[in-house]
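# Examination of the molecular architecture
For reference, the chains in residue letters:
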Number of protein chains: 2
Amino acid sequence: MSPTHAPAGAARQGSLRELNLALVLGRIAAADRPPSRADLATATGLTRATVSAVVEDLLAGQLVSEADPAPRAGAGRPARGLVLADQGPAGLGLEVNVDYLTVCVVDLAGQVRHRTVHRADLRPVAPADALARLVHLAGEARADAARQGLTLAGAALAVPGLVDDAGLVRLAPNLGWRDVAVPELLSGHPPLTDQVPGVPALVVDNEANLAALGELHSRPPGPASFLHISGEVGIGAGIVLDGALFRGVRGWSGEIGHLPVHPEGRPCRCGGQGCLEQYAGQEAIVAGAGLVRAELPADTATARLAELAEAGDPAALRALHDAGTALGVAVAGVVNLLDLDTVVLGGGYAPLAPWLCPPVLAEIAARVLTAAWSPVTVRPSTLGPEAAAVGAAGSVVRRIVARPAGWLNRSA
Amino acid sequence: MSPTHAPAGAARQGSLRELNLALVLGRIAAADRPPSRADLATATGLTRATVSAVVEDLLAGQLVSEADPAPRAGAGRPARGLVLADQGPAGLGLEVNVDYLTVCVVDLAGQVRHRTVHRADLRPVAPADALARLVHLAGEARADAARQGLTLAGAALAVPGLVDDAGLVRLAPNLGWRDVAVPELLSGHPPLTDQVPGVPALVVDNEANLAALGELHSRPPGPASFLHISGEVGIGAGIVLDGALFRGVRGWSGEIGHLPVHPEGRPCRCGGQGCLEQYAGQEAIVAGAGLVRAELPADTATARLAELAEAGDPAALRALHDAGTALGVAVAGVVNLLDLDTVVLGGGYAPLAPWLCPPVLAEIAARVLTAAWSPVTVRPSTLGPEAAAVGAAGSVVRRIVARPAGWLNRSA
DNA sequence: GCAAATAATTCAATCGCTGAACAAATACCT
DNA sequence: AGGTATTTGTTCAGCGATTGAATTATTTGC
């Protein structure tokens, strides 16, 4: 079952065009300046004739459009720049979290073209009702997208929990969800998006995974391999290796919160002992800072911590240092194992990064075998709290960019 | 820098044939019975005409050969079975370790066609001299291969240490090597193998990585994602994800030996504290069992431990249990992070597996969040102590199977 | 206003896959 | 024993996609 990089299927005549469509479109997407057909020809190694034919297909399919001629020095016929279309396919990103619902639409270029955040405590809400609200918001988003000339080609939903390949949410502890079959609950509602071959109608994935994807495709493009840690009540990690999210054998990778950092330490609700979550989770930091969590709305806990730390509160500083140290121990292990050079602190960790990074870096320096030769960067996420929803929508459009043939053949 | 799965280069006319050569050859390699051209056509989705043309190329290039017609029930013209050629390209595998040198030749089918083990204490030998001995053994291997109709198409060298992309051994502590530029030291010697386009003349890699590759390609084929742990004096891991070795950003992945298992515990020679190696490395087990390591040749320490454990020696059993527990803590963290379902104990751990597996499994059961839904298998390596050399040679032939066009175009 | 330069398109040639017809070789049936 | 059904493998015209050279298009510099 492991042909080791052998091509997936038969290479027929049409595969050539599919590959070159993806190649050319990928170059247009990756370029920092609208390239001309001639630029693309030299960049890809194809002839200008082929590039022209490929671009014609892409133009007809509303995947790219011609930009105004970029000013260029020297003689010669001016080039016509090609950019990703701002009309055409777009991705729908959804997120259910403890205290908000988010819906957003991202176009091919990665621009957020629509965004709704609906604040509400979702814990007492039944999953079916929460999803119904989401469907309503998604309907509005779709209408707004249509007004802007965008077609929703697929959707992705971020959930703070363990998700199955089939979209079954096995366990989302902080949301109180257990064995929630999302596709099934959605089957009574109108479809969220149009149907496009090669693009799944709805992908359900872990919030941390999708946030990592958002980071991967943010501008400027991040590194191809990194660890993205979302610190909320639980701690999740998205692992991006060689430009692709690594989901694990069953799609449950990234449970860094249950990495043992003190094997004989505090018992954890997972049944283990000394898990990272017990030392660097939101509750642990809040308690360490002497705050009473019950008095704080969940979404303001980290803001309050940042305030206190900013003001020099010793208990808060101490709590953040301890959490950073525990996090650093776990991260050092991961870096030793995977040889990553970048760690991104996201979610609730992002605003606390100024206080978390130093102890994390200290542990890395002390514990990573190769730290002397290859420095490890630890930095906060560049995306805001909606990273997961944006990453979800982005994963849809990245799929179209990576394999545009499906979109182009949608009506045929 | 992250085109996210975009094809590497331009898809020209010839790419089609290259892809289909790889597709068909991969099927032949993966089949458990010699397939006919018709079988391949249905399996790949290509037409029989195309398969015939592709197979003709493969036959001409000595990559496959026709087997005697396999007996088949029913009417019809008998099929001609296709098997990987036992003459043609082969891979050269080399290993330098503390107390032996190994050279072996593996053919396309994965059969070991030549093997030499040269026992000697390599620690007092200068790297250049050790490599010179290896070159001599490789020359004999090449001659033997030629007598068997095999052409060496590339070589891979396993080293117990951190290796650079360029073949620079940064650090091999137990061997006493530091910044050894292997390709440079070899440049004065005659070439180890023939030159084949697309196959590097010599790959230098970590022993644990290559042992994991050996496991991946062993018969019967293992899972596509697993963790292979080589327990020697140091502890190294090879991480195989989706059928490919994950080498990390700089090629230094797998340093599981320095995963912190007791962050405030015993100091480690890496500068950290409480690294796994201090609790589950060979020295720790030997000391825990009350043995004096200096009195044992390095290569007999594990054999002696296994003897004692077999005999029920309490100190040995206790030492193995403690080591297994520490190993289990580390493995549980890795499984939580990567969601792997198989862990292979190799190297010095293989003979000790009967005593190590139970505590490892116990820690996994207690600490892995998803253990209830997805059992994790922990088993000893099926390959012997020469796993790394065999894996090294195998990596060469797998590369040819994965991209046969290079071999076929070698003379053109 | 003309030549040089660069961009993009057109077109015959070529390569490799497809699909159908055909040839080859065996088992089953009468 | 002979004929038919069945399956394997090959041959060949057709076609889609890329190539490379020639051609057209559009601008700068002299």
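Residues numbered from 1 in each chain as written. Chains lettered and ligands numbered in written order. Predicted model: local features only at pLDDT ≥ 70, side-chain atom pairs only at ≥ 80, totals over all residues. Heavy atoms only, no water.

A few words now on the overall build of chain A. Counting its secondary structure elements, chain A contains 13 helices and 15 strands. Over its C-alpha trace chain A gives a radius of gyration of 23 Å, about what one expects of a compact globule, namely 22 Å for 412 residues. Projected onto the principal axes, the alpha-carbon positions of chain A cover approximately 70 × 55 × 50 Å. Excluding contacts between residues fewer than 6 apart, the proportion of contacts in chain A whose partners are at least 24 apart in sequence is 62%. For chain A, the accessible surface area stands at approximately 16,600 Å², while carbon and sulfur atoms represent 53% of it. Charged side chains of chain A number 32 positive and 39 negative; the gap between the two group centres comes to 7 Å. (Helix = DSSP H or I, 4+ residues; strand = E, 2+ residues; numbered from the N terminus. Rg over C-alpha atoms; globule rule 2.2 N^0.38 Å. Contact = heavy atoms within 4.5 Å. Areas by Shrake-Rupley, 256 points an atom, 1.4 Å probe, with all protein chains shown as cover. Lys, Arg positive; Asp, Glu negative; His and termini not counted. Charge placed at Lys NZ, Arg CZ, Asp CG, Glu CD.)

As a further point, take the protein's contact with DNA strand C. Around DNA strand C, a shell composed of 28 residues is seen, among which Ser-52 and Arg-77 of chain A together with Gln-13, Arg-17 and Thr-50 of chain B lie nearest. Between DNA strand C and the protein, one listed contact pairs a base nitrogen with a side-chain N or O atom of Arg-48 of chain A at 3.4 Å. The side chain of Arg-17 of chain B places a nitrogen or oxygen atom 2.7 Å from a phosphate oxygen of DNA strand C. Among the elements of the structure, α2 (37-44) and α3 (48-60) of chain A together with α1 (13-30) and α3 (48-60) of chain B are those that each provide at least two residues to the surface near DNA strand C. In terms of residues, the surface near DNA strand C owes the most to one element, α1 of chain B, which gives four residues. (Near = heavy atom within 4 Å. Polar contact = N/O pair within 3.5 Å; in protein donor to acceptor, adjacent residues only side chain to side chain.)

A complete count under the given rule lists 32 salt bridges over all chains for this structure. Arg-113 of chain A serves as the salt-bridge partner of Asp-107 of chain A, at 2.7 Å between the closest nitrogen and oxygen. Judged by relative accessible area, which is 3%, Asp-107 of chain A ranks as buried. Its salt-bridge partner being Arg-17 of chain B, residue Asp-57 of chain B comes within 2.8 Å of it at the nearest N-O pair. On the criterion of sequence distance, the pair formed by Asp-57 of chain B in helix α3 and Arg-17 of chain B in helix α1 is long-range, its members being 40 residues apart. (Salt bridge = Lys/Arg side-chain N within 4 Å of Asp/Glu carboxyl O. Buried < 20%, exposed > 50% of the residue type's maximum accessible area, 1.4 Å probe, protein only.)

Opposite the 70 residues of chain A that make contact, chain B presents 69 residues. Buried surface at the junction of chain A and chain B, summed over both partners, amounts to about 6,300 Å²; 65% is from carbon and sulfur atoms. The largest per-residue losses of area from chain A upon contact with chain B belong to Leu-337, Arg-367 and Trp-373 of chain A, which jointly make up 12% of the total buried on that side. On inspection of chain A and its partner chain B, the count reaches two salt bridges. Across the pair Asp-341 of chain B and Arg-250 of chain A runs a salt bridge whose closest N-O atoms are separated by 3.5 Å. Our count for the contact surface shared by chain A and chain B stands at 25 residue pairs in polar contact (both at pLDDT 80 or more). When contributions to the side of chain A that touches chain B are tallied by element, the ones reaching two or more residues are α1 (13-30), β8 (168-172), β12 (235-241), α10 (314-338), α11 (353-367) and α12 (387-402) of chain A. (Buried area = accessible area lost by both parts, 1.4 Å probe.)

Our next topic: the sheet that holds strand β6 (residues 150-159) of chain B. Residue and element names in this part refer to chain B. Taken together, five strands build an open sheet; the order of strands is β5-β4-β3-β6-β10 and the sheet is mixed. Strands at the two margins of the open sheet, each flanked by one partner only, are β5 (112-119) and β10 (202-206). Within the sheet, the average angular offset between the axes of one strand and its neighbour, ignoring direction, is 20 degrees. Its contacts with the sheet put helix α4 (residues 127-147) on β3 (88-96), β4 (100-107), β5 and β6, and the angle it makes with β4 is roughly 25 degrees. Against the sheet, helix α12 (residues 387-402) touches β3, β4, β5 and β6, its axis set at about 150 degrees to β3. (Pairing = 2+ DSSP bridges. Axes fitted to C-alpha atoms, helices over the stretch in contact; angles between N-to-C directions.)

Here the two chain copies are tied together by a rotation about an axis and a shift along that axis. Aligned on chain B, chain A shows an RMSD of 0.1 Å; the corresponding rotation is 180 degrees and the shift along the axis is 0.1 Å. Viewed as a symmetry operation, the transformation between the two copies matches a two-fold axis. Of the residues that chain A buries at the interface, 97% are likewise interface residues in chain B, meaning the two copies contact each other through the same surface. (Least-squares fit on C-alpha atoms with pLDDT ≥ 70 in both.)

The subject of this paragraph is the packing of aromatic side chains. A ring pair, where both rings are aromatic, is described by two values, the distance of the centres and the angle of the planes. All chains considered together, the criterion is met by two aromatic pairs over all chains. Centre to centre, the rings of Trp-252 of chain A and Trp-373 of chain B are 5.5 Å apart; their planes meet at 65 degrees, and the pair counts as edge-to-face. Here Trp-373 of chain B lies in the loop between α11 (353-367) and β15 (377-380) and Trp-252 of chain A lies in the loop between β13 (244-245) and α7 (277-280), a pairing that spans two chains. Residue classification places Trp-252 of chain A among the buried positions, given a relative accessible area of 4%. In this structure, Arg-410 of chain A packs its charged tip against the face of Trp-407 of chain A, placed 3.7 Å from the ring centre. (Phe/Tyr/Trp six-rings, centres within 6.5 Å; stacked < 30°, edge-to-face > 60°. Lys NZ or Arg CZ within 6 Å of the ring centre and 35° of its normal.)

To continue, consider the protein's contact with DNA strand D. Around DNA strand D there are 28 residues in total, and Gln-13 and Asn-20 of chain A together with Ser-52, Arg-77 and Arg-80 of chain B lie nearest to it. The sugar-phosphate portion of DNA strand D accounts for 67% of its atoms within 4 Å of the protein, the bases making up the rest. Within the contact set of DNA strand D, a phosphate oxygen lies 2.7 Å away from a side-chain nitrogen or oxygen of Asn-20 of chain A. Backbone polar atom of Ala-38 of chain B to a phosphate oxygen of DNA strand D: 3.1 Å apart, as the coordinates give it. Secondary-structure elements contributing two or more residues to the surface near DNA strand D are α1 and α3 of chain A together with α2 (37-44) and α3 of chain B. Take the surface near DNA strand D: its biggest share by element is four residues, from α1 of chain A. For the surface near DNA strand D, the class distribution of residues is 11 nonpolar, 10 polar and seven charged. (Nonpolar A, V, L, I, M, F, W, Y, C, P; charged D, E, K, R; others polar.)

Position of Ala-306 of chain B among the secondary structure elements: in helix α9 (residues 301-310). Setting aside residues no more than four positions away along its own chain, Ala-306 of chain B makes contact with Pro-351, Leu-352 and Trp-355 of chain B.

Attention now goes to the sheet that holds strand β14 (residues 342-347) of chain A. The sheet built from five strands is open, its strands ordered β13-β12-β11-β14-β15 (chain A) with mixed pairing. Each edge of the open sheet carries a strand with a single partner, namely β13 and β15 (377-380) of chain A.

Next up on the list: the packing of α10 of chain A against helix α10 (residues 314-338) of chain B. The description of two helices packed together rests on the angle between their axes and the distance between the axes. Where α10 of chain A contacts α10 of chain B, the axes come no closer than 11 Å and their chain directions differ by 80 degrees. Considering the angle they form, α10 of chain A stands roughly perpendicular to α10 of chain B. Across the interface between the two elements, Val-334, Leu-337 and Leu-338 of chain A from α10 of chain A touch Val-334, Leu-337 and Leu-338 of chain B from α10 of chain B. By residue class, the composition of the contact of α10 of chain A with α10 of chain B is six nonpolar, no polar and no charged. (Parallel < 35°, antiparallel > 145°, perpendicular 65-115°, else oblique.)

Turning our eyes to something else, we now look at the domain arrangement of chain A. Residues and elements named next belong to chain A. With domains assigned, chain A is organised as domain 1 (13-70 + 79-84), domain 2 (88-213 + 388-406) and domain 3 (222-382). The straight-line distance from the C-alpha centre of domain 1 to that of domain 2 is 30 Å. Taken together, the contact between domain 1 and domain 2 spans nine residues of the former and nine residues of the latter. Here domain 1 and domain 2 share an interface that buries about 780 Å² over both sides, 80% of which is from carbon and sulfur atoms. Taken as a group, Gln-62, Leu-63 and Leu-84 account for 49% of the area that domain 1 buries against domain 2, more than any other trio of residues on that side. There are zero salt bridges connecting domain 1 and domain 2. Across the domain 1-domain 2 interface, the total number found is zero residue pairs in polar contact (both at pLDDT 80 or more). With six residues, the top contributor of residues to the side of domain 1 that touches domain 2 is α1. (Domains from an automatic or database assignment.)

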